[in-house]
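So you can see what is in the structure, the chains are spelled out below.
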Amino acid sequence: MDDIHRKILRENWAQLSRDLEPVRLIRHMTRVLSRKDEEEIKAQFLTRIRRVDIFLEILPRKGGNAFHCFIEALEKEQPHLAEILQKDEERVNIASLM
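Residues numbered from 1 in each chain as written. Predicted model: local features only at pLDDT ≥ 70, side-chain atom pairs only at ≥ 80, totals over all residues. Heavy atoms only, no water.

Considering helix α1 (residues 3-11)
Piece 1. For α1, the set of buried residues is His 5, Ile 8 and Leu 9. Along the axis of α1, the buried residues cluster in a sector spanning 100°; they form a single face. Projecting away from the buried face of α1 at angles above 90 degrees are the exposed residues Asp 3 and Arg 10. (Buried < 20%, exposed > 50% of the residue type's maximum accessible area, 1.4 Å probe, protein only. Helix = DSSP H or I, 4+ residues; strand = E, 2+ residues; numbered from the N terminus. Arc of directions from axis to C-beta.)

Details of the UniProt feature "domain: CARD" (unreviewed entry) in the protein chain
Piece 1. As recorded in UniProt, the sites labelled "domain: CARD" (unreviewed entry) are residues 1-89.
Piece 2. Secondary structure across residues 1-89 comprises 70% helix and 0% strand; the distance between its end C-alpha atoms is 13 Å. (UniProt positions renumbered as here; feature names shortened; annotations may be inferred.)

So, the pattern of salt bridges
Piece 1. Counted according to the given criterion, the structure contains 12 salt bridges.
Piece 2. Across the pair Arg 24 and Glu 77 runs a salt bridge whose closest N-O atoms are separated by 3.2 Å. Here Arg 24, found in helix α3 (residues 22-26), pairs with Glu 77, found in helix α6 (residues 66-77); they are 53 residues apart in sequence, far enough to count as distant.
Piece 3. Connected through salt bridges with shared partners, the residues Lys 7, Glu 11, Asp 88 and Arg 91 form a single ionic network. (Salt bridge = Lys/Arg side-chain N within 4 Å of Asp/Glu carboxyl O.)

Considering the nonpolar core
Piece 1. Core analysis: the largest hydrophobic core is formed by 28 residues, its most contacted members being Leu 20, Met 29, Phe 55 and Phe 70.
Piece 2. Of all the secondary-structure elements, those providing two or more residues to this core are α1, α3, α5 (48-58), α6 and α7 (79-97).
Piece 3. Ranked by the residues each element gives to this core, the list is headed by α6, at 7 residues.
Piece 4. Those residues in contact with Met 29 that sit more than four places away from it in its chain are Phe 55, Leu 59, Ala 66, Cys 69, Phe 70 and Ala 73. (Core = buried A, V, L, I, M, F, W, Y, C linked by side-chain atoms within 4.5 Å. Contact = heavy atoms within 4.5 Å.)

Here it is in structure tokens:
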């Protein structure tokens, strides 16, 4: 994952912590998440917020396609979050052109 996408995740961490349902996204992210990642995210006795933290800690280490795979999963399961991240990505891209 490139630095711009890492920054977007960091800037939206609080919003994602409030709303993200990582267990719902896993089935859409088999291209980037391993079975071990899935087990770590779904571990028993974890709160949803802790699952979000684990998910967001794993995601940046999953290569260049991870952010866009995440966006695609969000579009299917939580489109309001996809929209927030896409707008941030557009904003950052426009700012880098100036």
